[in-house]
Amino acid sequence: MQDPLTGNEFAVELFSGLPRRYDALAEFLSFAQNARWRHALVQRIALHQPLSILDVATGTAGVAIALARATDARITGVDISHAMLERGRQRVEKAGLGDRITLQPARAESVPFAAESFDAVSFTYLLRYVEDPAATVAELARVLRPGGHIASLDFYVPPSLGWRASWWAYTRTLLPAGGWALGGRSWWDVGRFLGPNIEGFYRRWPLARIVAAWSAAGIMDVDWRVMSLGGGLVMWGTKADA
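Described in the following lines is the structure provided in the data block. (Residues numbered from 1 in each chain as written. Predicted model: local features only at pLDDT ≥ 70, side-chain atom pairs only at ≥ 80, totals over all residues. Heavy atoms only, no water.)

1. Focus: empty space enclosed by the protein
All told, the structure shown has 2 cavities of 30 Å³ or more when counted by the stated rule. Approximately 120 Å³ is the volume attributed to the second largest cavity. What lines the second largest cavity is a set of 13 residues, and nearest its centre among them are Leu127, Ser152, Asp154, Tyr202 and Ile210. Within the residue set of the lining of the second largest cavity, elements represented by two or more residues are β5 (144-155), α8 (185-204), α9 (207-216) and β7 (232-239). The element best represented in the lining of the second largest cavity is β5, accounting for 3 residues. Across the lining of the second largest cavity, the residue classes tally to 11 nonpolar, 1 polar and 1 charged. (1 Å grid on protein atoms, 1.4 Å probe; cavity = no way out; pocket = protein on both sides within 12 Å on 5 of 7 lines; lining within 4 Å. Points joined across faces, edges and corners; volume = space filled by probe spheres on them. Helix = DSSP H or I, 4+ residues; strand = E, 2+ residues; numbered from the N terminus. Nonpolar A, V, L, I, M, F, W, Y, C, P; charged D, E, K, R; others polar.)

See the structure below:
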């Protein structure tokens, strides 16, 4: 009998057929809000003009490319999906940013870098796919220098009951059906999976618990912005000085 997949192994399998159309998928899944959310994330990092950035769960390097355009930093992007990284490298070269962006395989739970290696850390759509979100945040904080900045982006569940009902209907019906129509079985699988995954994660890890995990990892001044009536969540903070 085959062992069950771990959270991030499941993510690799789920998204394995999507690298070339991943960015289009992200826009579809977010009801065309992903670009706006990404911009908010990038601005939280770019505000401080770091010289080195670690972008975790970089996927096809969309955030890494946006960070390179918004800062003068050298950026290291990591992801566990080799297919996503290969597509990311193609996009980086097309953008003319190969001298500033390096992509390599790595797990967020154990990034292969020395402590205090980066001025800033970003991560997107990550914590729902790891077994221990608090330990993962602590690992990312480990490689962030004191006084450095960290920011994240993920889907969220609308706090308002009215918008939550609409969100529930979208994620349970329109999302899978639209995924099938636009991209076939791979997109349908993702569309069917996503709503219950998001809802289940925030049931186990409500916002206050996530903030507490950031604080326990040594991140201070943790703040967040709920985006698009509650469909997205951007969070940021600063690593405490030693």
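Resuming the write-up.
2. Things to note about unusual backbone geometry
Not every positive phi belongs to a glycine, and Gln49 is a case in point at roughly 45°. Residue placement: Gln49 occurs in the loop between α3 (34-46) and β1 (52-56). Judged by relative accessible area, which is 40%, Gln49 ranks as partly exposed. Positioned with a positive phi, Tyr125 is a non-glycine residue whose angle comes to about 45°. (Buried < 20%, exposed > 50% of the residue type's maximum accessible area, 1.4 Å probe, protein only.)

3. Quick look at the packing of aromatic side chains
On inspection of all chains with the given rule, the structure shows 6 aromatic pairs. With a centroid separation of 4.8 Å and an interplanar angle of 85°, the aromatic rings of Tyr156 and Tyr202 are classed as edge-to-face. Residue Tyr156 is found in the loop between β5 and α7 (161-183), and its partner Tyr202 is found in helix α8; the two are separated by 46 residues along the sequence. In this structure Tyr202 comes out as buried when scored by relative accessible area, which is 10%. (Phe/Tyr/Trp six-rings, centres within 6.5 Å; stacked < 30°, edge-to-face > 60°.)

4. A word on the packing of α3 against helix α4 (residues 62-70)
With their axes 10 Å apart at the nearest point, α3 and α4 run at an angle of 45° to one another. In terms of their interaxial angle, α3 and α4 are classed as oblique. As for the relative orientation of α3 and α4, their crossing is right-handed in sense. Here Arg38, Leu41, Val42, Ile45 and Ala46 of α3 lie close against α4, whose contacting residues are Gly62, Val63, Ala66, Leu67 and Ala70. A class-by-class count of the residues in the contact of α3 with α4 yields 8 nonpolar, 1 polar and 1 charged. (Axes fitted to C-alpha atoms, helices over the stretch in contact; angles between N-to-C directions. Parallel < 35°, antiparallel > 145°, perpendicular 65-115°, else oblique. Left-handed = near helix turned anticlockwise from the far one by under 90°. Contact = heavy atoms within 4.5 Å.)

5. Focus on the environment of Gly218
Here Gly218 lies in the loop between α9 and β6 (219-227). The exposure class assigned to Gly218 is partly exposed, which follows from its relative accessible area of 27%. In this structure the C-alpha to C-alpha distance between Gly218 and Thr238, which are 20 residues apart in sequence, comes to 8.4 Å. Setting aside anything within four residues of it in sequence, one finds Gly218 in contact with Thr238, Lys239 and Ala240.

6. Things to note about the sheet that holds strand β4 (residues 118-124)
What holds strands together in a sheet is hydrogen bonding between their backbones, with the strands either parallel or antiparallel. Spatial ordering of the open sheet is given by β3-β2-β1-β4-β5-β7-β6, a layout of 7 strands whose pairing is mixed. The sheet terminates laterally at β3 (101-105) and β6, the two strands that pair on one side only. Averaged over all adjacent pairs, the angle separating strand axes in this sheet is 15°, with direction ignored. Packed onto the sheet, α3 meets β1, β4, β5, β6 and β7 and runs at close to 170° relative to β5. Here helix α5 (residues 82-94) sits on the sheet in contact with β2 (74-79) and β3, set at roughly 170° to β3. (Pairing = 2+ DSSP bridges.)

7. Quick look at the pattern of salt bridges
The final tally for this structure, using the stated rule, is 4 salt bridges. A salt bridge links Arg145 to Asp119; the nearest nitrogen and oxygen atoms lie 2.8 Å apart. Taken together, the residues span a long stretch of sequence, with Arg145 in strand β5 and Asp119 in strand β4 at a distance of 26 residues. A salt bridge links Arg128 to Asp154; its shortest N-O distance comes to 2.9 Å. Taken together, the residues span a long stretch of sequence, with Arg128 in the loop between β4 and α6 (133-142) and Asp154 in strand β5 at a distance of 26 residues. (Salt bridge = Lys/Arg side-chain N within 4 Å of Asp/Glu carboxyl O.)

8. What about the pairing of β5?
Judged by how many residues are buried, β5 sits mostly within the fold: 10 of 12 residues are covered. Considered for its hand, the β-α-β crossover made up of β4, α6 and β5 is right-handed. Alignment of β5 against β7, held across 7 bridges, turns out to be antiparallel. Its bridge partner being in β7, Asp154 is matched across the sheet by Leu233. (Right-handed = clockwise from strand over helix to strand, strands pointing away.)

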